[in-house]
Amino acid sequence: MSEITDRVGYAAGEIWRYLSENGESTPIKIKANLGLSNTMLYLALGWLAREDKVNIVQFEYSYKISLK
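Cut-off values and rules
Residues numbered from 1 in each chain as written. Predicted model: local features only at pLDDT ≥ 70, side-chain atom pairs only at ≥ 80, totals over all residues. Heavy atoms only, no water. Phe/Tyr/Trp six-rings, centres within 6.5 Å; stacked < 30°, edge-to-face > 60°. Lys NZ or Arg CZ within 6 Å of the ring centre and 35° of its normal. Salt bridge = Lys/Arg side-chain N within 4 Å of Asp/Glu carboxyl O. Helix = DSSP H or I, 4+ residues; strand = E, 2+ residues; numbered from the N terminus. Buried < 20%, exposed > 50% of the residue type's maximum accessible area, 1.4 Å probe, protein only. Axes fitted to C-alpha atoms, helices over the stretch in contact; angles between N-to-C directions. Parallel < 35°, antiparallel > 145°, perpendicular 65-115°, else oblique. Contact = heavy atoms within 4.5 Å. Nonpolar A, V, L, I, M, F, W, Y, C, P; charged D, E, K, R; others polar. Left-handed = near helix turned anticlockwise from the far one by under 90°.

1. Focus: the packing of aromatic side chains
- Following the criterion strictly, the structure yields zero aromatic pairs and no others.
- A cation over a ring is seen here: Lys64 above Phe59, with NZ or CZ 4.3 Å from the ring centre.

Take a look at the structure:
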């Protein structure tokens, strides 16, 4: 794997752990609590979505993210 792929995978793991401990959240809350850049946040959420690990539901002008 490349360095960027490793970083995205690590961020995906951090997001998974955050959701496991805190339950459903929004991207803004996840970003703030984990200190991720927008790019890394959405790359990692895409990784988790592709692996079918998260539910992503549109909510008002954002999304709610939860574990499956």
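2. Topic: the pattern of salt bridges
- If you walk through the whole model with that rule in mind, you get four salt bridges.
- The closest approach of N and O atoms between Arg7 and Glu3, which form a salt bridge, is 3.7 Å. On the criterion of helical spacing, the pair formed by Arg7 and Glu3 is a turn pair, its members being four residues apart in helix α1 (residues 3-22).
- A salt bridge links Lys64 to Glu24, with the nearest nitrogen and oxygen atoms 3.9 Å apart. Residue Lys64 is found in strand β2 (residues 62-67), and its partner Glu24 is found in the loop between α1 and α2 (27-34); the two are separated by 40 residues along the sequence.
- Look at Lys64 and you get partly exposed, because its relative accessible area is 22%.

3. Here we look at the packing of α1 against α2
- Here α1 crosses α2 at 110°, and the two axes come no closer than 11 Å. Considering the angle they form, α1 stands roughly perpendicular to α2. Together, Glu14, Ile15, Tyr18 and Leu19 of α1 and Lys29, Ile30, Asn33 and Leu34 of α2 make up the contact between the two elements.
- Residues of the contact of α1 with α2, tallied by class, amount to five nonpolar, one polar and two charged.

4. Points about the side chain of Thr26
- By the secondary structure assignment, Thr26 is in the loop between α1 and α2.
- Residue Thr26 is classed as buried on the basis of its relative accessible area, which comes to 16%.
- With sequence-adjacent residues up to four places away left out, Thr26 is seen in contact with Ser62, Tyr63 and Lys64.

5. What about the packing of α2 against helix α3 (residues 38-50)?
- Packing of α2 against α3 brings their axes to within 10 Å, and their N-to-C directions diverge by 115°. In the packing of α2 onto α3, the handedness of the crossing is right-handed. Residues Pro27, Ile30 and Lys31 of α2 lie in contact with α3, whose contacting residues are Asn38, Leu41 and Tyr42.
- Considered class by class, the residues forming the contact of α2 with α3 number four nonpolar, one polar and one charged.

Scope: geometric values only; no functional claims are made or implied.
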